[in-house]
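Chain and residue survey
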Amino acid sequence: MSITAMLEPIAGNGETVTLPADEWLQGRTLYGGASALVAYTAAIRAFPGLPPLRSAQLAFVAPVGAEVTPQAQIIRQGRNVTQVRVDLLVDGSPALASFWLFGAAREANGVYRASPVVPAPIPVDEAEPMMVGKGPAFVQHQLEIRRAAPAGGEGDAPTMRRWVRLRNDDGLDPVSRTILLGDVNPPSAIRVMERQGPVSSMNWAINIVDPEAQTTDGWWLVETASDHADAGYSSERLRLWNAEGRLVSTGQQAVAVFG
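Figured I'd write up the structure that's included with this text.

Cut-offs applied
Residues numbered from 1 in each chain as written. Predicted model: local features only at pLDDT ≥ 70, side-chain atom pairs only at ≥ 80, totals over all residues. Heavy atoms only, no water. Helix = DSSP H or I, 4+ residues; strand = E, 2+ residues; numbered from the N terminus. Contact = heavy atoms within 4.5 Å. Phe/Tyr/Trp six-rings, centres within 6.5 Å; stacked < 30°, edge-to-face > 60°. Buried < 20%, exposed > 50% of the residue type's maximum accessible area, 1.4 Å probe, protein only.

Quick look at the side chain of R162
Among the secondary structure elements, R162 is positioned in strand β10 (residues 159–166). Leave out the neighbours within four places in its chain, and R162 touches M130, M131, I145, R146, A148, N185, P186, W220, L221 and V222.

Here it is, written out as structure tokens:
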């Protein structure tokens, strides 16, 4: 089941839909990037003609199953920027709450380009395949994953880098693709866990650096890095680059660490 087929039933605002989402479930809930993409899709279908997405804040409140009711409303619409709220309701209660900031491009008043990826990743054509026959269904059937850094990471900081490619892109637009893949790595706090146990993303703030991002052969470089882990939580940074090392999105998450 391609991601575009899963999104097809979403009509916009206030209609309960049953998504053909079996291959995108992670336990009881949709994988975080997929549930975020459902909310984004509800926003742009409820309000056609929005400018490009620049930023979003999401709270993963409860499991998002296959049956959801998207509720979208414009919070404020200015000359350049429109802010949209989207809640995904499950059994009448919010399972995901989100704010989406859409902004038209303006003449730049100063330019600073992100630095190249440091350290350089393992070249994708030399990278070792990972997660073959392992992990949730969406990892096994929807993604190709390769190791972009040595096993165990580089240096002392808990950082995880992987090359990721959708097996079936199916015409997904660049912003939707970025949302779907921007949260694909597990939290890097797993590298410092003393005992095995579950981890769960509690929220996600994402900034879209390039809403028209393209890459080579479908490959994207995804990174999660824990800035601080203690007391059962981790503060994580997320970044996504294209195959040429150009930054596409940045983000931050609070992660619950159990066990």
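Picking up where we left off.
Details of the packing of aromatic side chains
Here the structure, examined in full by the defined rule, presents four aromatic pairs. When the centroid spacing of 5.6 Å and the interplanar angle of 50° are considered together, the rings of Y40 and W100 count as tilted. Here W100 lies in strand β7 (residues 93–103) and Y40 lies in helix α2 (residues 32–46), a separation of 60 residues in the sequence. The residues Y40 and W100 share a single accessibility class, namely buried. A ring pair is formed by Y40 and F102, whose centres lie 6.2 Å apart and whose planes are at 20°; its orientation type is stacked. Taken together, the residues span a long stretch of sequence, with Y40 in helix α2 and F102 in strand β7 at a distance of 62 residues. No difference in accessibility class separates Y40 from F102, as the two residues are buried. Among the aromatic residues, those joined into a cluster by ring pairs are W24, Y31 and F138.

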